[in-house]
Amino acid sequence: MVIDNGSVDQTVDLVTRMRSRCVAVRVIGCAHPGKGAAVRRGILSSRARFMGYMDADLATPIETLDLVLPLLEAGYQAVVGSRRVGGAALAERQPIQRLVGGMLFRAVARRVLPGIADTQCGFKFFCGALARSVAGDMLIDGFAFDVELLQKITRLGLPIKEIPVVWSDGQGSTMRALRDGARATADVIRLARRKAA
Amino acid sequence: MSVLEQFAGRRILFLNWRDLSHPDAGGAEAYADQIARRLAQAGARLTLFTSEHAEAAPHDWARGYLVVREGGRFGVYLAAARHLERYGRRYDAVVDCQNGIPFFAPVWAPADTAVACVVHHVHQSQFDMYFRWPVNVVGRLLEGRISRAVYRDRPLVAVSPSTRAEMRHQLGFRGVVHVVPNGIEALPRSDARRAPAPAIAVVTRLVPHKRLHLLLEAVPALLRRWPELRVDIAGTGPARADLVAAVAGLGLGQHVTLPGRISEQRKSDLLSRAWLTVVPSQAEGWGLTVLEANTLGTPALAYDVPGLRDSVRHGQTGWLVPGGHALAPALMNALDELSDPVRRRLIAEKSRRWAGRFSWDASAERLARVLLSEITRKRLGSPSRRRATDLATVASWPARGMDAIHARLRQVLRATDAISQSEDGLRVLLTGCDEAQAARALRRVPVPPSRLRLATTTQLLCGTGEDRFR
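Along each chain, the written sequence defines residue order, and numbers are assigned to residues from 1. Here chains are named by letter from A upward and ligands by number from 1 upward, in the order in which they appear as written. Local features in this predicted model are restricted to residues whose pLDDT is 70 or higher, and side-chain atom pairs enter the listing and the counts only when it is 80 or higher, whereas totals over whole chains, interfaces and linings include all residues.

Considerations on the overall build of chain B
Across its full length, chain B holds 17 helices and 18 strands. C-alpha extents for chain B along the principal axes are approximately 65 × 60 × 40 Å. In chain B, which comprises 470 residues, the share counted as buried stands at 47%. Pairs at least 24 apart in sequence give 68% of the contacts found in chain B among residues at least 6 apart. The way it works is that DSSP assigns letters per residue, a run of H or I at least four long becomes a helix, a run of E at least two long becomes a strand, and they are numbered from the N terminus. Three exposure classes are used, based on other C-beta atoms lying within 10 Å of a residue's own C-beta, which is placed from the backbone: buried for 20 or more, exposed for 12 or fewer, and partly exposed in between. Two residues form a contact once the distance between their C-beta atoms, set from the backbone, is within 7 Å.

Quick look at the structure:
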């Protein structure tokens, strides 16, 4: 399933043209801007047994799925990619403002999710029923959506399995370090408050 | 009743830097003229405000509407501002045509006047080609940041989906952008038959960014395969001298001709005889030459760049070559495919049908819909309920019972949504919304649609939910 969230590269045409016999690919739209809104639309439109999301630019290599599926089959309810556990690699260096912003963000996120080293990797897979049940009442539309999702799963008392991934930053990222980063950090602070309450 | 007819008696002002009588008039002037003429024919009291030039009177009615000419190439912007300040109240709607720099009509016109801004092409990179510092920087600012602030909540109109993508990408527009494509005027009938040997014809203005030297450089390789190949590059312009020199330099005088400016009849004959037209431009707002060739059943080969990727349907009405790739191998493949008479007939038929989808009547109607919805919005003082998104959704119903649904739909939909009916059923193109929003908008229709799908670029461009390309 491909979610078109305000793309300007003719996503609908590409998916329509690449229709394959083996894999059913569907494209659906999400007019509401934000990664959180788009992922939520995807989760709630799917009826799959296992589901997850990843960046369409293959920032995490697709082969990583071969590690994820056996874990889900084995009974893990949530398997997430991580760039900060043993065995992970960042294929390219990030610019300084993203490094500093990332450090700040992680410091805040750690308060909400003490056990998770990397909450923001765009590669997360879940048991379908679980994802659908938590996605329905999620509120964050921006990049901090990942934290909210994991927080809800942790609260249900379910373990989250982190696996190392090799990550490469895409060229066409629309993430603006200052604006989106600040908003995401503010969202996480709200989540931390909600936790305390 | 068409929306155009609802403009009888309304007063409309078009702003364009040139008019059709200007010696350098081009595609943008044809667009303004064709649509203005149709509004005037529908009974609208239409004024076109434009710049003066030596060959024209300060005002005339030659085209069926009033043309007012004031100010020079830059002075026209000031003159238009003065005109709007003085007489802005008299107009129901203003169509502000941007040619790099818009007229900033929202600043000068009364706040409750409907203003729509038409963008043919994004000029950001061209300011450097034609102007030096600091004019280029000012130009970029006026087209980008300042336009963005001035037209923030006004409807914008792009002539193609790829122009719209550039407006989002390069100019950062966040508001509603409608698509109203160029129409096409029939070329004179031609009795010329398709040439027995491969022939390529290009009829266009010869300017550097059309990059026709790339075509010339590919010719030697093609001649090895087809020694009797003919190439005609008609038209005039600043790049012609260089092209003539390149033909001589490559020793192609036997095979390539540059006949210069030609008549419409000659153009028709040339394109009818050719197997193919080639457009190596680095970008276009829209590919008029592509569609002109298509009307005569001639396919086009072009680079996969903004504008042309909308007007050429790869594999059906021509071929798109990835940017940066060489032309010769692609041309070789295309001519190979066209050597098969059955394939050629099929491509010719598809090209004709594709061109048949565009008409100035349809374009005028679509611009009228944009204007009417903005006039209504201004009168009600309400913000649009749907967010600005380029997504559009096609809802379809089976043929059974569609008349009843059709009647109800007209009350539910907005002026800019399009209904089409065929033996397959009923389809509605809802612009500016995803499937979930479309479902919500259609709640008041007694029978829910049997299918909701995101619209493809072709559907957006043609302004219809029909997807089969007959």
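After presenting the structure, the write-up continues.
Re the domain arrangement of chain B
Bring the parts together and some accessible area is lost; that lost area is often taken as the interface size. Residue and element names in this part refer to chain B. For the purposes of this description, domain bounds are those given by an automatic or database domain assignment. Taken as a whole, chain B is organised into domain 1 (4–179), domain 2 (199–356) and domain 3 (388–462). Between the C-alpha centres of domain 1 and domain 2 there is a distance of 31 Å. Tallying the contact residues gives nine residues for domain 1 and seven residues for domain 2. The dominant element in the side of domain 1 that touches domain 2, judged by the number of residues it contributes, is helix H6 (residues 161–170), at four residues. When the residues that make up the side of domain 1 that touches domain 2 are grouped by side-chain class, the tally is two nonpolar, six polar and one charged. Classification convention: Asp, Glu, Lys, Arg as charged; Ala, Val, Leu, Ile, Met, Phe, Trp, Tyr, Cys, Pro as nonpolar; all other residues, Gly among them, as polar.

Describing the sheet that holds strand S12 (residues 277–279) of chain B
Residue and element names in this part refer to chain B. Strands were regarded as paired on the criterion that DSSP finds at least two bridges between them. A sheet is described by the order of its strands in space; here three strands give the open sequence S12-S13-S14, paired in parallel fashion. Among the strands making up the open sheet, the edge pair consists of S12 and strand S14 (318–321). For this sheet, the mean angle separating the axes of adjacent strands, direction not counted, is 15°. Bridge analysis of strand S13 (residues 300–303) against S14 gives four bridges, and the strand direction is parallel. Looking at the pairing, Ala300 lines up with Gly318 of S14. Note on method: axes are straight lines fitted to C-alpha atoms, helices fitted across the in-contact stretch only, with angles between N-to-C directions ranging 0 to 180 degrees. Across the sheet, helix H12 (residues 327–339) touches S13 and S14, and the angle it forms with S14 is around 160°.

Here's the deal with the interface of chain B and chain A
Facing the 15 residues of chain B at the interface are 12 residues of chain A. Counting only elements with at least two residues in the side of chain B that touches chain A, the list comes to H6 and helix H16 (435–441) of chain B. Top element by residues in the side of chain B that touches chain A is H6(B). It accounts for three residues. Within the side of chain B that touches chain A, the residues separate by chemical class into five nonpolar, six polar and four charged.

Concerning the sheet that holds strand S6 (residues 114–119) of chain B
Residues and elements named next belong to chain B. Taken in spatial order, the eight strands make up an open sheet running S3-S4-S2-S1-S5-S6-S7-S8, and their pairing is mixed. The open sheet has two free edges, formed respectively by strand S3 (59–60) and strand S8 (177–179), since each of these has just one partner strand. When strand S2 (residues 45–50) meets strand S4 (residues 66–69), the two strands line up parallel, connected through four bridges. Its bridge partner being in S4, Leu48 is matched across the sheet by Val67. Strands strand S1 (11–15), S2 and strand S5 (93–98) of the sheet are contacted by helix H1 (residues 27–41), whose axis makes an angle of about 160° with S2.

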